[in-house]
Amino acid sequence: MENIIFILIMEGCSALFLYLGYLLWKKEKIDIIHAYHHTKVKEKDKKAYTGIMGKAMITIGIGLAVSGMIGAFTDSVKSGIPFGAAFVIGLGMMVYAQIKYNRGIF
């Protein structure tokens, strides 16, 4: 029973992150990011900024999906490794975009 709940939570969160990543990357919906995170982003850099942020969200979403799939077949803590790795990579991408285009993390 715990596996089913774990899978539903992980795959639901994955779907959310993938959708938000799609909105950022392909649709350039910068408004879904809190205003102070993009106040200094220039209009000409908006596409690049949303592209990196969207890809970072998708990376985290893929990590969640893979972790959920591994958790479906095992009760091991090792199912958290893909999520942890994807989270670190995605967060690094977000920090990079913030520093490069917003001239600071906040």
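Per-chain numbering applies: the sequence of each chain, read as written, is numbered from 1 onward. Only residues with pLDDT of at least 70 get local features here, since the model is predicted, and only at 80 or more are side-chain atom pairs given and counted; chain-wide, interface and lining totals rely on the full set of residues. Hydrogen atoms and water are omitted, and side-chain values are computed over all heavy atoms in the structure.

1. Description of the overall build of the chain
Here comes step 1: Within the chain, the regular secondary structure consists of three helices and zero strands.
Here comes step 2: When the elements of the chain are put in sequence order from the N terminus, they spell out α-α-α.
Here comes step 3: Principal axes of the C-alpha set define a box for the chain whose edges measure 50 × 20 × 20 Å.
Here comes step 4: Taking all 106 residues of the chain together, the buried fraction comes to 35%.
Here comes step 5: The contact criterion used is simple: two residues touch if any of their non-hydrogen atoms lie within 4.5 Å. In the chain, of all internal contacts separated by at least 6 residues, the share reaching a separation of at least 24 is 71%.
Here comes step 6: Here, Shrake-Rupley sampling with a 1.4 Å probe gives the accessible areas, and only protein chains in the shown set may cover a residue. Entry remark: accessible area of the chain is about 6,600 Å², with carbon and sulfur atoms responsible for 71%. Strands here mean DSSP runs of E at least two residues long; helices mean DSSP runs of H or I at least four residues long; both are numbered from the N terminus. Exposure classes here rest on a 1.4 Å probe applied to the protein chains alone. A residue is buried below 20% of its type maximum, exposed above 50%, and partly exposed in between.

2. Details of the nonpolar core
Side chains of a nonpolar character, in soluble globular proteins, are inclined to be buried together.
Here comes step 1: Among the nonpolar cores identified, the biggest contains 15 residues, and L24, I33, Y49, M53, M94, A97 and Y101 are the most heavily contacted of them.
Here comes step 2: Breaking this core down by element, the ones donating at least two residues are helix 1 (2-25), helix 2 (46-73) and helix 3 (80-102).
Here comes step 3: Here this core takes seven residues from helix 2, the largest share from any one element.
Here comes step 4: Among all residues touching Y49, those that are not within four sequence positions of it are I30, I33, H37, H38, V41, A97, Q98 and Y101. Think of a nonpolar core as a cluster: buried Ala, Val, Leu, Ile, Met, Phe, Trp, Tyr and Cys residues, connected wherever their side-chain atoms sit within 4.5 Å.

3. Overview of the packing of helix 1 against helix 2
Here comes step 1: All axes here are fitted lines through C-alpha atoms, helices being fitted over the stretch that makes contact, and every angle between N-to-C directions spans 0 to 180 degrees. Between helix 1 and helix 2, the shortest axis-to-axis distance is 7 Å and the interhelical angle comes to 165°. Taken together, the axes of helix 1 and helix 2 are roughly antiparallel relative to one another. Where helix 1 crosses over helix 2, the handedness of that crossing is left-handed.
Here comes step 2: Three classes are used: nonpolar for Ala, Val, Leu, Ile, Met, Phe, Trp, Tyr, Cys and Pro, charged for Asp, Glu, Lys and Arg, and polar for all others, with Gly counted as polar. Partitioning the contact of helix 1 with helix 2 into residue classes produces 19 nonpolar, ten polar and two charged. Roughly parallel means an angle under 35 degrees; roughly antiparallel, over 145; roughly perpendicular, 65 to 115; everything else is oblique. Helix crossings fall into two classes, left-handed where the near helix is turned counterclockwise from the far one by less than a right angle and right-handed where it is turned clockwise.

4. What to know about unusual backbone geometry
Here comes step 1: Although it is not a glycine, E28 sits at a positive phi angle of roughly 55°.
Here comes step 2: Take E28: it is sitting in the loop between helix 1 and helix 2.
Here comes step 3: Accessibility expressed as a relative area gives 24% for E28, which makes it partly exposed.
Here comes step 4: Located in the positive-phi region is R103, a residue other than glycine, with phi close to 55°.
Here comes step 5: Its place among the elements puts R103 in the segment after helix 3.

This is a description of form; function is not addressed.
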